[in-house]
Amino acid sequence: MKLKRSSRLIDMTGYLLQHPHQIVSLSYFSDRYASAKSSISEDLGIVKDNFESQGIGRLETIAGASGGVKYIPFMKRDDAEAFLRLLSEQLSQSDRLLPGGYLYMTDILGQPSYINEIGRMIASVYSNHSIDVVMTMETKGIPLAFAAASQLNVPVIIVRRSIKVTEGSTVSINYVSGSSKRIQTMVLPRRSLTPGSRVLIIDDFMKAGGTMKGMANLLKEFDAEVAGMAVLVETKSEEPKLVDNYLSLLKLSMTEQEEQFIIEQGNYFQYYEC
Ligand SMILES: O=P(O)(O)OC[C@H]1C[C@H](OP(=O)(O)OP(=O)(O)O)[C@H](O)[C@@H]1O
């Protein structure tokens, strides 16, 4: 369809935002808008400048016959800090503290506007880590995993607590979740991962880190590698954690009697590169 430049720019922006981490050729846009590649190239320059000035992300150019442009979602630091302040304020409501040092977050995990921003923050850190798959443990980590995976344009695999007849042959391991101090089981269908896959592990909450460690150990059974670990909230207690090199957006600190708590910034910005 032949469009004037302003309409092309709007449609092109929408298309790129809906196809993160995917190479889109100039020929595709040239055909889509019945416009010369030189015009498309100028359009993409305008979109690129706007993405970067607005902190929406980056537009990478890939040369060669199979080249084109690729939209890389990226949240600029000011926006990330502002969002963490908002999230921290929400999670600091006094009635959120649960027995056992947990935090009630189910409402946040069910709110797409929050989940999408958290996904974008995590994807901003791992956009150039060659992630093949995002992995999480049922249940509360699932929305976070999908939000990050959609921004990274990779699939999600979900670790289950028990064998499901609907998932074919499976690999299972036992682990100790520091939270419960009980031996628990992790199960993943054998066909979930190919050897050598680079996996980003995501969860909503980390206490002792046993769940994250279990998922990292499960990957060894598939000859896959941990390319990153990210949690929304970690606890300040239960140090040292059972895993290292994980990213947390927020940190929960409690008084001795576990009656009062504060939400602090996690270690996110140690991993964040402008
Ligand atoms: O760091 P750890 O000491 O291992 O604890 C973190 C676990 C515990 C909690 O899961 P649960 O609330 O037990 O399970 P679900 O996500 O299904 O609600 C959380 O979602 C992490 O997966």
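Up top is the structure.
Here the residue numbering is sequential within each chain, running from 1 through the sequence in written order. Where totals are concerned, whole chains, interfaces and linings use all residues; where local detail is concerned, this predicted model gives features only for residues with pLDDT of at least 70, and gives and counts side-chain atom pairs only at 80 or more. Think of the side-chain values as coming from all heavy atoms in the structure, minus any hydrogens and water.

**Comments concerning helix 8 (residues 210-220)**
The buried fraction of helix 8 is high, at eight of eleven residues. The cut-offs for exposure are 20% and 50% of the maximum accessible area for each residue type, with area from a 1.4 Å probe on protein chains only; residues under the lower value are buried, those over the upper are exposed, and the others partly exposed. The way it works is that DSSP assigns letters per residue, a run of H or I at least four long becomes a helix, a run of E at least two long becomes a strand, and they are numbered from the N terminus. Of the positions making up helix 8, those classed as buried are Gly 210, Thr 211, Met 212, Gly 214, Met 215, Ala 216, Leu 218 and Leu 219. Close packing links the buried residues of helix 8 with strand 6 (133-137), strand 7 (156-159), strand 8 (170-177), strand 9 (182-189), strand 10 (198-206) and strand 11 (225-235). Between two residues, a contact is recorded if the distance between any of their heavy atoms is within 4.5 Å.

**So, the packing of aromatic side chains**
Ring pairs shown here join Phe, Tyr and Trp side chains whose ring centres sit within 6.5 Å, with only the six-membered ring taken for Trp; geometry is labelled stacked below 30 degrees between planes, edge-to-face above 60, and tilted in between. Considering all chains together, one arrives at eleven aromatic pairs under this definition. On the basis of an interplanar angle of 40° and a centroid distance of 5.7 Å, the ring pair of Tyr 268 and Tyr 272 is categorised as tilted. Through successive ring pairs, a cluster of aromatic residues spans Tyr 15, Tyr 28, Phe 29 and Tyr 33. Ring-over charges, as used throughout, are those where CZ of Arg or NZ of Lys falls within 6 Å of the ring centre and within 35 degrees of the ring normal. A cation over an aromatic ring shows up here: Arg 58 above the ring of Phe 74, its NZ or CZ 4.8 Å from the ring centre. Positioned over the ring face of Tyr 102 is Lys 207, at 4.9 Å from the centre of the ring.

**Quick notes on helix 1 (residues 5-18)**
Over its 14 residues, helix 1 runs 20 Å from end to end, which matches the ideal 20 Å to within 8%, given 1.5 Å per residue. Looking at the packing, one finds that the buried side of helix 1 touches strand 1 (23-24), helix 2 (26-33), helix 3 (37-54), strand 2 (57-62) and strand 3 (68-73). Expected span of a helix: the number of residues minus one, times 1.5 Å.

**Examining the sheet that holds strand 3**
The criterion for strand pairing is that DSSP finds at least two bridges linking the strands in question. Ordered by their spatial adjacency, three strands build an open sheet running 1-3-2, and the pairing between neighbours is antiparallel. This sheet does not close on itself; its edge strands, each paired only once, are strand 1 and strand 2. Pairing analysis gives six bridges linking strand 2 to strand 3, with the strands arranged antiparallel. Pairing of Glu 60 across the sheet is with Lys 70, part of strand 3. Against the sheet, helix 3 contacts strand 2 and strand 3, and its axis sits at roughly 145° relative to strand 2. Here the axes come from fitting lines to C-alpha atoms, over the contacting stretch only for helices, and the angles between their N-to-C directions go from 0 to 180 degrees.

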